[in-house]
Amino acid sequence: MADDDPKLTGADVDPHRRQLFEAYDNWLLRQCRERYDARGERWQRDYASPEVYSRSVAPNRERLLAMIGGWPWERGPLEPRVEEIATTDAYMASRVWYTSFNDVRVDAILIRPHGIGPFPAVLAQHGVNHTPEQICGFTDDPEHSAAYHEIGVRLAKHGYVVIAPRMIGGYGEDRYNVPNIPSLRKFEQGRAQNQIHRKAQLIGQTIQALEYFSLSRAVDYLETLPEVDNDRIGLYGLSRGGRAALWLGALEQRLQAVVSSAWFNERFSKMLEPEKINGGAFIETSSEFQFIPGLFHEFGDADIASLICPRAFFVEDGKHDRAVWWPNAVQEFELVREFYAQLGIPEKCGIRIHEQGHETEPEDEITDIQAVAFLDRWLKSE
């Protein structure tokens, strides 16, 4: 380099780097906003009757499934294996393994009340980096089970067959720490999901398609149980399980009542506008599996809920939950309420904003939990 060649410092270079980043970033934000605001153009909802409505939104359901990669797998033999955990005066608890697809085996906690039934059934779905054992209340780890208030076993004692499938998360000693797999270390929340999601994307899939198909297979398994009433199956999920409740409820029409807890929100702000969300937006986190290509062309949370309609749908959020900004959730839910109102079935949707945080409503009596009362109305009533 000659002595007279320019020598630019970081102070000279950095403004140009920033300018290009901001140009892309601002353009993309505008594009996201425009598409999100125009997503209604992709819908042709017809409120002539619940049956007509269901047919009118069927193409949107197909596009939602295609957006996450589809379900190309055969529903082959479940080949269940059941191992007893415990029998009490109120229930029988087991661990069951079933085949999702190919050689992928999923385990779940199954809790059955005594008696011949038929009983209504509920999938109890745990959140990120948590477990079926925690949502059921079968763990010696009270700190990380507290959010669920033992909702799984309480539902079983209340007269439901409960199945709690496992979703992908970190693992290993000291909760999730695996020394030789840094991507699964316990404080890297979401890294296990990201690793599966990245590999899935390379073959045109997503972690959502894999997991929601596996949860749908749990419905297949419930339908094989003689004590289950196949016309009265629901889903209650918290956090990432609340996301699964919303999405699987939209895709899996055998679910007659769905409770999405600690998830439902106004999606644009929750994804992209941390300054408008108490607790932050996903754009500032490492949770890349939350980002689905093309989502804003067609779907906000209320739109996905409209694919559950005319089946029963309930939202449960907490005022002190930093993962959900409850005023936005209430505003978004008004869109949901309108779908049901136009069909003349406003009673088939509901929302509860309780006074606590990222958790199910912490009532001592299970019948005082409004989400459970909602499930009872639509899964237990004749």
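Residues numbered from 1 in each chain as written. Predicted model: local features only at pLDDT ≥ 70, side-chain atom pairs only at ≥ 80, totals over all residues. Heavy atoms only, no water.

Enquirer: Just checking my understanding: could you explain helix α11 (residues 326-342) for this structure?
Expert: Since there are 3.6 residues in each turn of an α-helix, residues three or four apart along the chain are aligned in direction. Between its first and last C-alpha atoms α11 spans 24 Å; for 17 residues at 1.5 Å apiece the expected length is 24 Å, and the two agree. Turning to α11, its buried residues are Asn328, Ala329, Glu332, Phe333, Val336, Phe339 and Tyr340. Elements that come into contact with the buried residues of α11 comprise α1 (10-37), α2 (50-67), α9 (267-272), α10 (301-305), β8 (312-318) and β9 (349-354). Gly344 sits one or two residues past α11 and shows a positive phi near 75°. (Helix = DSSP H or I, 4+ residues; strand = E, 2+ residues; numbered from the N terminus. Expected span 1.5 Å × (residues − 1). Buried < 20%, exposed > 50% of the residue type's maximum accessible area, 1.4 Å probe, protein only. Contact = heavy atoms within 4.5 Å.)

Enquirer: Honestly, the environment of Glu347 in this entry has me stumped. Any pointers?
Expert: Following the sequence through the fold, Glu347 ends up in the loop between α11 and β9. Under the relative-accessibility criterion, Glu347 is labelled partly exposed at 31%. In sequence terms Glu347 and Phe374 are 27 residues apart; their C-alpha atoms lie 9.5 Å from each other. Filtering out sequence-adjacent residues up to four positions away, Glu347 remains in contact with Phe374, Arg377 and Trp378.

Enquirer: Honestly, the packing of α2 against helix α8 (residues 240-251) in this entry has me stumped. Any pointers?
Expert: Each pair of packed helices can be described by the angle between their axes along with the distance between the axes. At a closest axis distance of 9 Å, the pairing of α2 and α8 adopts a crossing angle of 125°. As summarised for this structure, α2 and α8 are arranged oblique, according to the angle between their axes. Judged by the twist between their axes, the crossing of α2 over α8 is left-handed. Only Trp247, Ala250 and Leu251 of α8 make contact with α2, whose side of the interface consists of Arg61, Leu64 and Leu65. A breakdown of the residues in the contact of α2 with α8 according to their chemical character gives five nonpolar, no polar and one charged. (Axes fitted to C-alpha atoms, helices over the stretch in contact; angles between N-to-C directions. Parallel < 35°, antiparallel > 145°, perpendicular 65-115°, else oblique. Left-handed = near helix turned anticlockwise from the far one by under 90°. Nonpolar A, V, L, I, M, F, W, Y, C, P; charged D, E, K, R; others polar.)

Enquirer: Mind showing me how you'd approach the side chain of Glu252 here?
Expert: Relative to the elements of secondary structure, Glu252 occurs in the loop between α8 and β7 (255-261). Its relative accessible area of 6% is what places Glu252 among the buried residues. If we skip the residues at most four places from it in the chain, Glu252 touches Arg75, Ser216, Val219 and Arg311.

Enquirer: Help me understand the environment of Asn194, please; the structure alone is not making it clear to me.
Expert: Along the chain, the position of Asn194 falls in helix α6 (residues 191-202). Through-space distance from the C-alpha of Asn194 to that of Thr206 is 9.8 Å; in sequence the pair is twelve residues apart. If we ignore the near neighbours within four places in the chain, the residues touching Asn194 are Ser286, Ser287, Glu288 and Phe289. Within the structure, Asn194 has its side chain in polar contact with the backbone nitrogen of Phe289 (distance 3.3 Å). (Polar contact = N/O pair within 3.5 Å; in protein donor to acceptor, adjacent residues only side chain to side chain.)

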